[in-house]
Amino acid sequence: MVVKVYGPHCASTKRVLVCLVEKEIEFEVVPVDVFKGQHKDPEYLKLQPFGVVPVIKDGDFTLYESRAIMRYYAEKYRSQGVELLGRTIEERGLVEQWLEVEAHNFHPPAYNLVIHVLFPQLVGATSDPKVIEESETKLVHVLNIYEERLSKSKYLAGDFFSLADISHIPFLDYIVNNMEKGYLIRDRKSVSAWWDDISSRPSWKKVLQLYRVSI
Ligand SMILES: N[C@@H](CCC(=O)N[C@@H](CS)C(=O)NCC(=O)O)C(=O)O
């Protein structure tokens, strides 16, 4: 059964797509144009009632929330493709810890920067300098903690690539390549080396090449 992935051009969806590529899972994409408001169409809301992308359909099974989708496929296809959940219960615990850190500490200020720095450039949305300043301060604090962690281990959860690393890629890409805020990464030696490593994986290159246009 080929997995259907809705809204491939959005950053949260790319998190899912990288996971599918790493797990060697066949998928097809269904375009959802958020600029045209297609994510609020009644038919789409039947799949994702909160009106955001992504959502996946796997036969009769529907699932939304990008991190939940990644966890689902990493578990379902445990023995296929790259192992993304760690090999021991402790490694799994650390993968979960850093996935939570990504969702609750990294993502909110990174998302606010995208909304207030990148979106105004792309679609003329309004920008609040106070939000930009506060978000950058929060992100600096988070990235200083990452620097400490990554000076001791190659990846966030340990010396193995995992879902925790994947989850950061799309928004880090915005920060480094789309918002002229690459210094946040490049000023931190270990974070910078980690970014170079995870962003040069064939899975991310493939997703970027296929679905580069993103918001
Ligand atoms: N927690 C959700 C968030 C998804 C999300 O924010 N998607 C954005 C695109 S990256 C979206 O659909 N934005 C449109 C909107 O908020 O109206 C997930 O991880 O799946």
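Everything numeric here is computed off the predicted structure, so don't read it as measured data. (Residues numbered from 1 in each chain as written. Predicted model: local features only at pLDDT ≥ 70, side-chain atom pairs only at ≥ 80, totals over all residues.)

As for the UniProt feature "domain: GST N-terminal" (unreviewed entry) in the protein chain
Stage number 1. Using the residue numbers shown here, the UniProt feature "domain: GST N-terminal" (unreviewed entry) corresponds to residues 1–81.
Stage number 2. In the segment residues 1–81, helix accounts for 36% and strand for 20%; the C-alpha atoms at its two ends are 17 Å apart. (UniProt positions renumbered as here; feature names shortened; annotations may be inferred. Helix = DSSP H or I, 4+ residues; strand = E, 2+ residues; numbered from the N terminus.)

Some thoughts on the pairing of strand β3 (residues 55–58)
Put simply, side chains in a regular strand alternate between the two faces of the sheet.
Stage number 1. The pairing of strand β1 (residues 3–6) with β3 spans 3 bridges and is classified as antiparallel. Across the sheet, the residue bridging to Val5 is Ile56, located in β3.
Stage number 2. Here β3 runs beside strand β4 (residues 61–64); their pairing, made up of 4 bridges, is antiparallel. Opposite Asp58, over in β4, you have Phe61 as the bridge partner.
Stage number 3. Adjacent in sequence and paired antiparallel, β3 and β4 are bridged by 2 residues, among which Gly59 carries a positive phi angle near 65°. (Pairing = 2+ DSSP bridges.)

Let's talk about the site of the ligand
Stage number 1. Close contacts around the ligand come from Cys10, Ala11, Ser12, Val34, His39, Val52, Val53, Pro54, Glu65, Ser66 and Arg67, and that covers them all.
Stage number 2. Of all the elements in the fold, those that place two or more residues in the shell around the ligand are α1 (11–22) and α3 (66–76). (Near = placed C-beta within 6 Å.)

Focus on the packing of helix α5 (residues 129–150) against helix α8 (residues 189–199)
Stage number 1. α8 packs onto α5 with a crossing angle of 80° between their chain directions and a minimal axis gap of 7 Å. What the angle tells us is that α5 and α8 run roughly perpendicular. Only Ser190, Val191 and Trp194 of α8 make contact with α5, whose side of the interface consists of Leu143, Tyr146, Glu147 and Leu150. (Axes fitted to C-alpha atoms, helices over the stretch in contact; angles between N-to-C directions. Parallel < 35°, antiparallel > 145°, perpendicular 65-115°, else oblique. Contact = placed C-beta atoms within 7 Å.)

Looking at the environment of Tyr111
Stage number 1. With respect to the element layout, Tyr111 can be found in helix α4 (residues 89–123).
Stage number 2. Using a count of 15 C-beta atoms within 10 Å as the deciding quantity, one classes Tyr111 as partly exposed.
Stage number 3. Measuring from C-alpha to C-alpha, the distance between Tyr111 and Pro49 comes to 21 Å, with 62 residues separating the pair along the chain. (Buried ≥ 20, exposed ≤ 12 C-beta atoms within 10 Å, placed from the backbone.)

A short note on the packing of helix α6 (residues 163–178) against α8
Stage number 1. Viewed as axis vectors pointing N to C, α6 and α8 meet at an angle of 105°, and their least axial separation amounts to 10 Å. Judged by the angle between their axes, α6 and α8 are roughly perpendicular. In this structure, α6 uses Asp165, Ile169, Leu172, Asp173 and Val176 to contact α8, whose residues at the interface are Trp195, Ile198 and Ser199.

With respect to α1
Stage number 1. Its 12 residues give α1 an end-to-end C-alpha distance of 17 Å, which sits within 8% of 16 Å, the value for a rise of 1.5 Å per residue.
Stage number 2. Burial analysis of α1 places 11 of its 12 residues in the buried class, which makes it a mostly covered element.
Stage number 3. Of all the residues in α1, the buried ones are Ser12, Thr13, Lys14, Arg15, Val16, Leu17, Val18, Cys19, Leu20, Val21 and Glu22.
Stage number 4. The secondary structure elements touched by the buried residues of α1 are β1, β2 (27–30), β3, α3, α6 and α9 (202–211).
Stage number 5. A positive backbone phi angle near 55° is found at Glu24, which sits one or two residues after α1. (Expected span 1.5 Å × (residues − 1).)

Describing the domain arrangement of the protein chain
Interface extent is often summarised as the accessible area lost during association of the parts.
Stage number 1. On domain assignment, one finds that the protein chain holds domain 1 (3–83 + 206–211) and domain 2 (89–201).
Stage number 2. Just the C-alpha atoms count here: the centres of domain 1 and domain 2 sit 21 Å apart.
Stage number 3. Taken together, the contact pairs 10 residues of domain 1 with 10 residues of domain 2.
Stage number 4. Elements supplying a minimum of two residues to the side of domain 1 that touches domain 2: α1 and α3. (Domains from an automatic or database assignment.)

Describing the nonpolar core
Stage number 1. Within the largest apolar cluster, 48 residues are counted, with the highest numbers of intra-cluster contacts made by Val16, Val18, Cys19, Met70 and Leu163.
Stage number 2. Of all the elements, α4 adds the most residues to this core, at 9 residues.
Stage number 3. Each of two domains, domain 1 (3–83 + 206–211) and domain 2 (89–201), supplies a minimum of three residues to this core.
Stage number 4. Excluding anything up to four places from it in sequence, Leu163 contacts Cys19, Met70, Arg71, Ala74, Leu84, Leu85, Val95 and Leu99. (Core = buried A, V, L, I, M, F, W, Y, C linked by C-beta atoms within 7 Å.)

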